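If you want the building blocks of each chain, they are given just below.
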Amino acid sequence: MIFRKAEFMISAVKPLQYPEGTKPELAVSGRSNVGKSSLINKLVNRKALARVGKTPGKTQTINFFNINDEWYLVDLPGYGYAKVSQETRMQWGKMMQTYFRLRENLKGVIQLVDIRHQPTEEDRMMMEMLNINNIPVLVVATKADKIARGQRPKYLKIIADSFKMPDWKTIIPFSSEDGTGLQELNQSMDDIIFPDAEEKPGSPESDPEE
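Residues numbered from 1 in each chain as written. Predicted model: local features only at pLDDT ≥ 70, side-chain atom pairs only at ≥ 80, totals over all residues. Heavy atoms only, no water.

Colleague: Can you help me understand the pairing of strand 3 (residues 62-67) in this one?
Modeller: The buried fraction of strand 3 is high, at 6 of 6 residues. Taking every second residue as pointing to the same face, both faces of strand 3 are buried, with I62, F64 and N66 on one and N63, F65 and I67 on the other. Across 5 bridges, strand 3 lies against strand 4 (residues 71-75) in antiparallel orientation. Opposite I67, over in strand 4, you have W71 as the bridge partner. The antiparallel pairing of strand 3 with strand 4 creates a hairpin that spans 3 residues between the two strands, and N68 there sits at a positive phi of about 55°. (Buried < 20%, exposed > 50% of the residue type's maximum accessible area, 1.4 Å probe, protein only. Helix = DSSP H or I, 4+ residues; strand = E, 2+ residues; numbered from the N terminus. Pairing = 2+ DSSP bridges.)

Dropping the structure here:
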């Protein structure tokens, strides 16, 4: 996956505000302090495409980014911030349910969890929501640089057990600080967005010779 172009398109809270749903779409989900914006910025090699907020839970919109004019990367609003009201949480839940139910071009969701901690109730609820809607999920464990390489399997197994995943090795340990897991994540994203393409858009093989 080569990111030649990455630009913000629109923030949406209802279907009428979504971009025209013809291009493949991949969304990123996670708690408000899990490092979602940092992961997006690392992926596209930009310092501030996605804003890294000082106040967790501040972003309450679905943010769409145009990637290479070929597909959409979608930053879903973070969840689990204690200071958010119950009413806001209910609105968030309805917004997510609507998006997952109606967005037919959504190819999958990258579900982020902090490698240092067992998934929370909100994390498990999100996974259940995705499973109910039959949406493919790629689990990524962020902040992997905080755990020694040899200790990571132990933490990944805890995450896998909590999500009832059959194989912890499918979880990608990732760090926006040192680039751990970046190549593996890029490849997995490519496989989800363009599963049937022999030569993926944006790859060196697909670019015409000069």
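Colleague: What is the right way to look at the environment of S32 in this model?
Modeller: In this structure, S32 sits in the loop between strand 2 (25-29) and helix 1 (36-44). Residue classification places S32 among the partly exposed residues on the basis of a relative accessible area of 23%. Through-space distance from the C-alpha of S32 to that of G80 is 6.5 Å; in sequence the pair is 48 residues apart.

Colleague: What am I meant to see in the packing of helix 1 against helix 5 (residues 182-193) here?
Modeller: To characterise two packed helices, one gives the angle between the axes of the helices and the distance between these axes. Where helix 1 contacts helix 5, the two axes come as close as 11 Å, and the packing angle between them is 85°. In terms of orientation, helix 1 and helix 5 fall into the roughly perpendicular class. Facing L39, K42 and L43 of helix 1, the residues of helix 5 in contact are L182, L185, N186 and M189. Its residues placed into classes, the contact of helix 1 with helix 5 shows 5 nonpolar, 1 polar and 1 charged. (Axes fitted to C-alpha atoms, helices over the stretch in contact; angles between N-to-C directions. Parallel < 35°, antiparallel > 145°, perpendicular 65-115°, else oblique. Contact = heavy atoms within 4.5 Å. Nonpolar A, V, L, I, M, F, W, Y, C, P; charged D, E, K, R; others polar.)

Colleague: Help me understand the packing of aromatic side chains, please; the structure alone is not making it clear to me.
Modeller: Aromatic rings in a pair are described by how distant their centres are and how their planes are angled relative to each other. Per the counting criterion, the structure on display carries 7 aromatic pairs. When the centroid spacing of 5.8 Å and the interplanar angle of 70° are considered together, the rings of F8 and F65 count as edge-to-face. Of this pair, F8 sits in strand 1 (residues 6-12) while F65 sits in strand 3; the two residues are 57 residues apart in sequence, bridging distant segments of the chain. A relative accessible area of 44% places F8 in the partly exposed class. Residue F65 is classed as buried on the basis of its relative accessible area of 2%. Note on Y18 and Y99: the rings are 5.7 Å apart at their centroids and 90° apart in plane angle, and the pair reads as edge-to-face. (Phe/Tyr/Trp six-rings, centres within 6.5 Å; stacked < 30°, edge-to-face > 60°.)

Colleague: Looking at this structure, I do not really get the sheet that holds strand 6 (residues 137-142). What am I missing?
Modeller: If you trace the 7 strands from one edge of the open sheet to the other, you get 1-3-4-2-5-6-7, paired in mixed fashion. Taken across any chain shown, the strands that pair with only one partner, and hence form the sheet edges, are strand 1 and strand 7 (172-173). In this fold helix 3 (residues 121-132) packs onto strand 2, strand 5 (106-114) and strand 6, with an angle of close to 165° to the strand it touches most, strand 5.

Colleague: Honestly, the pairing of strand 5 in this entry has me stumped. Any pointers?
Modeller: It is a general feature of regular strands that their side chains alternate between the two faces of the sheet. Of all 9 residues that make up strand 5, 8 are buried, and the element is covered over most of its length. Judged from the 5 bridges that link them, strand 2 and strand 5 form a sheet pairing that is parallel. When the sheet's bridge partners are listed, A27 is paired in strand 5 with V109. With 6 bridges connecting them, strand 5 and strand 6 associate as parallel partners. The residue bridging Q111 from the neighbouring strand is V139, located in strand 6. Between strand 5 and its parallel partner strand 6, the chain crosses via helix 3, and the hand of that crossover is right-handed. (Right-handed = clockwise from strand over helix to strand, strands pointing away.)

Colleague: Mind showing me how you'd approach helix 4 (residues 152-162) here?
Modeller: One full turn of an α-helix is made of 3.6 residues, so residues set three or four places apart face in the same direction. Looking at helix 4, one finds that the buried residues are R152, L156, I159, A160 and S162. Down the axis of helix 4, the sector holding all buried residues measures 165°, keeping them to one side. In this fold, the buried residues of helix 4 make contact with strand 5, helix 3, strand 6 and strand 7. The positive-phi residue at the C-terminal boundary of helix 4 is K164, with phi of around 60°. (Arc of directions from axis to C-beta.)

Colleague: How do you make sense of helix 5 when you look at a structure like this?
Modeller: End to end, helix 5 covers 16 Å across 12 residues, agreeing with the expected 16 Å (1.5 Å per residue, within 8%). When we look at burial in helix 5, the residues that qualify are L185, N186, M189, D190 and I193. Burial along helix 5 is one-sided: seen end-on, the buried residues are contained in an arc of 140°. Contacts made by the buried residues of helix 5 are with strand 2, helix 1, strand 4, strand 5, strand 6 and strand 7. (Expected span 1.5 Å × (residues − 1).)

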